[in-house]
Amino acid sequence: MMHRAWVILLIIIIVIFALSSSVCGVYWSSSVSANSSHWSIYRQNTNISFNLSSSVEGKISPVVSRFRILSPYQCYYEEIGANDVRLRERTNALEGSYKSTDEIKLQSTVYPDEIDILVDKPVGTDIYTIEYKNEKWPVFLKAIRTLTYSGQQINNRDFEGNNGDFVGANFLYNHEFSKEQRSVIWLQRLNATVLATNDSILLAEFKPTKYLGYLITARTTGIADLSYRLRDSQYDVKHQNYPALIEGEERYYGNYDMSRKIEMRSVFEKSNDTDDEADSWLPCCYEGWNDMIYIDKKGFGTGAKGVFDCTCYKGTTKA
């Protein structure tokens, strides 16, 4: 009986134009499937420049209409997303005094013709190398919000995310509440690499160069739930997700004055195709054997570890 192994590489790049010629939406996706595992990627962005400024101040109070009293209620909702750079906020308030200001700036650009998807399988090895290079779809998002409330009850939630990293805060059941919040999020570029055989995916790396900065000062009289997560660039093949490098959750009950500052940054050096000769050298004296990718290690065999562990280099630098 013959068993047939297979690898599927599906690459889809589609451009969709909106009704306005000055704005276009673009997305691309790809998947790599082996007998026992699967990996996929989906990217979407838009050429856009967006600015918003708003200010609200007043009383949330009952309204009398034709012998009926309508209960007061206020709702505020916003959501922005571009190439997995995200901002969400929601506020619900009952009777009381309310004041808020908002400033949002978003800029994003797409260059669909510059994305390179390369597939390589050297002779003598069963490992496929799939590289996604030079996705330069930059996004810049800046948001500032102030909010002051006193009354029956207010709930406020916010979420800032950047390609798997996020910061979030939920302020619930507050009678007195105020906050000043600032967010700066940017995405510069993305590279990704997948190593796979017919049987399984060996390695997948998702490598966006990105930044998320978050600053908040708040006074709360109810419940405050605070959370954050920094995502690993290495794909967990078994669970088919990207695990957290660092994450945390906090909860506070009662009256608090709090301040919180979080910065997350990931930088991956951009590969230079003109330096093929330099890139072909093994990383002998930068983390040595441990820094080499799986395919390089396999090509030289485990017995080569002693050659590439920088022992000889360290020996020549001793006085």
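Residues numbered from 1 in each chain as written. Predicted model: local features only at pLDDT ≥ 70, side-chain atom pairs only at ≥ 80, totals over all residues. Heavy atoms only, no water.

Got a minute to help me understand the overall build of the protein in this structure?
Each helix and strand in the protein was counted, giving three helices and 17 strands. At a minimum sequence separation of 6, the contacts of the protein that also span at least 24 residues come to 69%. Total accessible area computed for the protein in this model is approximately 18,700 Å², and 52% of it derives from carbon and sulfur atoms. (Helix = DSSP H or I, 4+ residues; strand = E, 2+ residues; numbered from the N terminus. Contact = heavy atoms within 4.5 Å. Areas by Shrake-Rupley, 256 points an atom, 1.4 Å probe, with all protein chains shown as cover.)

So what exactly am I meant to see when it comes to the packing of aromatic side chains here?
The full count for this structure, using the stated rule, is nine aromatic pairs. Residues W39 and Y132 carry aromatic rings whose centres are separated by 5.5 Å and whose planes lie at 40 degrees to one another, so their mutual orientation is tilted. Here W39 is found in strand β3 (residues 38-46), whereas its partner Y132 is found in strand β11 (residues 128-135), with 93 residues between them in sequence. Summarising the burial analysis for this pair, W39 and Y132 share the class buried. Aromatic rings pair up to connect W28, W39 and Y132 into one cluster. It is R231 that lies over the ring of Y242; its NZ or CZ is 4.4 Å from the centre. (Phe/Tyr/Trp six-rings, centres within 6.5 Å; stacked < 30°, edge-to-face > 60°. Buried < 20%, exposed > 50% of the residue type's maximum accessible area, 1.4 Å probe, protein only. Lys NZ or Arg CZ within 6 Å of the ring centre and 35° of its normal.)

Would you take a moment to explain unusual backbone geometry for this structure?
Among all residues except glycine, the phi angle is most often negative; among peptide bonds, the trans geometry is most common. The backbone phi angle of Y173 is positive, close to 60 degrees, even though this residue is not glycine. By secondary structure assignment, the location of Y173 is in strand β13 (residues 165-196). Judged by relative accessible area, which is 47%, Y173 ranks as partly exposed. In this structure, Q240 is a non-glycine residue whose phi angle is positive, near 55 degrees. Relative to the helices and strands, Q240 is located in the loop between β15 (223-231) and β16 (244-253).

When you look at the side chain of D232 in this model, what are you seeing that I'm missing?
Structurally, D232 is set in the loop between β15 and β16. One buried charged residue, D232, forms no salt bridge at all, with the nearest opposite charge on R231 at 8.2 Å. A polar atom in the side chain of D232 sits 3.2 Å from the backbone nitrogen of Q234. (Lys, Arg positive; Asp, Glu negative; His and termini not counted. Salt bridge = Lys/Arg side-chain N within 4 Å of Asp/Glu carboxyl O. Polar contact = N/O pair within 3.5 Å; in protein donor to acceptor, adjacent residues only side chain to side chain.)

Is there a simple way to think about the pairing of strand β8 (residues 85-93) in this case?
Regular strands place their side chains on alternate faces of the sheet. Of the two faces of β8, only the one carrying V85, L87, E89, T91 and A93 is buried; R86, R88, R90 and N92 on the other face are not. Bridge count for strand β7 (residues 74-82) against β8 is nine bridges, and the pairing is antiparallel. Across the sheet, residue Y77 finds its bridge partner in β8, namely R90. Connecting β7 to the next strand, β8, in antiparallel fashion are two residues, including N83 with a positive phi near 50 degrees. (Pairing = 2+ DSSP bridges.)

Before we go on, may I ask you to explain the nonpolar core in this structure?
If you look at soluble globular proteins, the nonpolar side chains tend to sit buried side by side. Counting 32 residues, the largest nonpolar core has Y98, L141, I154 and F171 as its most contacted members. Those elements that place two or more of their residues in this core are β7, β8, β9 (96-108), β12 (139-162), β13, β14 (201-220), β15 and β17 (256-266). Each residue touching Y98, except ones within four places of it in the same chain, is listed here: V56, E57, G58, I60, Q74, Y76, T91, R145, L147, T148, Y149 and I154. Grouped together as the second largest cluster of nonpolar side chains are 20 residues, V32, Y132, L190 and A196 included. (Core = buried A, V, L, I, M, F, W, Y, C linked by side-chain atoms within 4.5 Å.)

What am I meant to see in the environment of P72 here?
Looking at the element boundaries, P72 is found in the loop between β6 (68-70) and β7. Between the C-alpha atoms of P72 and S61, which are 11 residues apart in sequence, the distance is 5.2 Å.

Sorry, what's going on with the environment of R157 here?
Topologically, R157 is positioned in strand β12. Overall, R157 belongs to the partly exposed group, its relative accessible area being 45%. It is 7.6 Å that separates the C-alpha atoms of R157 and G168, two residues lying 11 residues apart in sequence. Contacts of R157, omitting those with residues within four sequence positions, involve R88, E89, R90, A169, N170 and L172.

For this particular structure, what's the right way to read a nonpolar patch on the surface?
Residues I48, F50 and L52 make up a contiguous nonpolar surface patch of about 210 Å² in total accessible area. With respect to the helices, strands and loops of the structure, L52 is situated in strand β4 (residues 48-60). Here L52 falls in the partly exposed class, since its relative accessible area comes to 31%. (Patch = residues over 30% accessible without salt bridge, like charges linked within 9 Å, V, L, I, M, F, W, Y side chains within 5 Å.)

Teacher, can you tell me more about the environment of I41 here?
With respect to the helices and strands, I41 occurs in strand β3. As for I41 and A192, which are separated by 151 residues in sequence, their C-alpha atoms are 9.3 Å apart. Excluding its chain neighbours within four sequence positions, the residues that come into contact with I41 are W28, S29, S30, L190 and F206.

Help me understand the pattern of salt bridges in this model?
Where charged atoms from two side chains of opposite charge approach closely, those side chains can pair. According to the stated counting rule, one finds 12 salt bridges in the structure shown. Linking D158 and K179 is a salt bridge whose minimum nitrogen-to-oxygen distance equals 3.6 Å. Of this pair, D158 sits in strand β12 while K179 sits in strand β13; the two residues are 21 residues apart in sequence, bridging distant segments of the chain. A salt bridge links R182 to E180, with the nearest nitrogen and oxygen atoms 3.3 Å apart. We classify R182 as partly exposed; its relative accessible area is 39%. On the accessibility criterion, E180 (35% relative accessible area) is partly exposed. Overlapping salt bridges bring together E89, D102, R145, D158 and K179 as one network.

Read these as layout, nothing more, since geometry by itself doesn't imply function.
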